[in-house]
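Survey of secondary and tertiary structure
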Amino acid sequence: SVDGTFNLSLGQPQLVGGRFISTTVAIGGLNEIRDWRYFDGRRWHKLPLVSTRQTISAPLPLLDGQPLTLRLAARTIYGITDQISLTLPVDNQPPLLLPTANLPARTLQTDLSPTLVVTWPEVTDRAGVAGVWATIDTRPDTVPTTPIANNRVQRVLDTPAAYYAHILAVDSAGNRAL
């Protein structure tokens, strides 16, 4: 425009692959823009002055139910500046799960039928924990399906084998810790 005014728009962000955020930025009045920049929640990125509409993709920081603020700023050749922002909640961090066992790992147990007990502190997550599931078996890749309410799973080791404890915690955003 002749008077140096312009407008900015920031599209609705999309999650790409769980680790990147993508959005469209646009500017009206590109002819008089000196520079424009995009803030992805961690740092500013200078945008080229080649198009009035651009798609931006940036790594998504690990956040546990915390807000992420995206910003778009521009300055004209007349020194006029403007900035818009969009804040959205992000939870892409799994719950904190710290299990401990009563029997040492990778050690032969010589008791007739030792009992393996695995416990963990209460699972925490800023967005809230949707559930915890656990089991002990002889397969290394089991995804547990037994709901656990007391932060403890146990099993009598009654046959010679390698035993594995599996614990799955899921937060209210669907992030999983296994």
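This text gives an overview of the structure that appears in the document. (Residues numbered from 1 in each chain as written. Predicted model: local features only at pLDDT ≥ 70, side-chain atom pairs only at ≥ 80, totals over all residues. Heavy atoms only, no water.)

**Remarks on the packing of aromatic side chains**
Taken as a whole and assessed by the stated rule, the structure comprises 1 aromatic pair. Here the aromatic rings of Phe39 and Trp44 are separated by 5.2 Å at their centres, their planes lie at 45°, and the arrangement is tilted. Among the residues examined, Trp44 registers a relative accessible area of 37% and is labelled partly exposed. (Phe/Tyr/Trp six-rings, centres within 6.5 Å; stacked < 30°, edge-to-face > 60°. Buried < 20%, exposed > 50% of the residue type's maximum accessible area, 1.4 Å probe, protein only.)

**Some thoughts on a nonpolar patch on the surface**
Taken together, the side chains of Ile77, Tyr78 and Ile80 present a nonpolar region at the surface, about 280 Å² in accessible area. In this structure, Ile80 sits in the loop between strand E7 (64-76) and strand E8 (81-91). (Patch = residues over 30% accessible without salt bridge, like charges linked within 9 Å, V, L, I, M, F, W, Y side chains within 5 Å. Areas by Shrake-Rupley, 256 points an atom, 1.4 Å probe, with all protein chains shown as cover. Salt bridge = Lys/Arg side-chain N within 4 Å of Asp/Glu carboxyl O. Helix = DSSP H or I, 4+ residues; strand = E, 2+ residues; numbered from the N terminus.)

**Focus: the pattern of salt bridges**
In the structure shown here, the tally under the stated rule is 1 salt bridge. Residue Asp35 pairs with Arg75 through a salt bridge whose shortest N-O separation is 2.8 Å. Remark: Arg75 occurs in strand E7 and Asp35 occurs in strand E4 (residues 33-39); sequence separation between them is 40 residues. The exposure class of Arg75 is partly exposed, given its relative accessible area of 33%.

**So, the sheet that holds strand E12 (residues 152-156)**
If you walk across this open sheet you meet the 3 strands as E9-E10-E12, and the pairing is antiparallel. In this open sheet, the two edge strands, each paired with only one partner strand, are strand E9 (100-101) and E12. (Pairing = 2+ DSSP bridges.)

**A few points about the sheet that holds E4**
Ordered by their spatial adjacency, 4 strands build an open sheet running E5-E4-E7-E8, and the pairing between neighbours is antiparallel. Two strands bound the open sheet, and with one partner strand each, they are strand E5 (44-47) and E8. Each strand of the sheet is rotated relative to its neighbour by a mean of 20°, with strand direction disregarded. In terms of strand pairing, E4 meets E5 through 4 bridges, oriented antiparallel. When the bridges of E5 are listed, Trp36 appears paired with Leu47. (Axes fitted to C-alpha atoms, helices over the stretch in contact; angles between N-to-C directions.)

**Brief notes about the environment of Pro147**
Looking at where Pro147 falls in the secondary structure, it is placed in the loop between strand E11 (129-137) and E12. Assessed through its relative accessible area of 61%, Pro147 is described here as exposed. With 20 residues separating them along the chain, Pro147 and Ile167 place their C-alpha atoms 9.8 Å apart. Among residues more than four places away in sequence, those in contact with Pro147 are Val132 and Trp133. (Contact = heavy atoms within 4.5 Å.)

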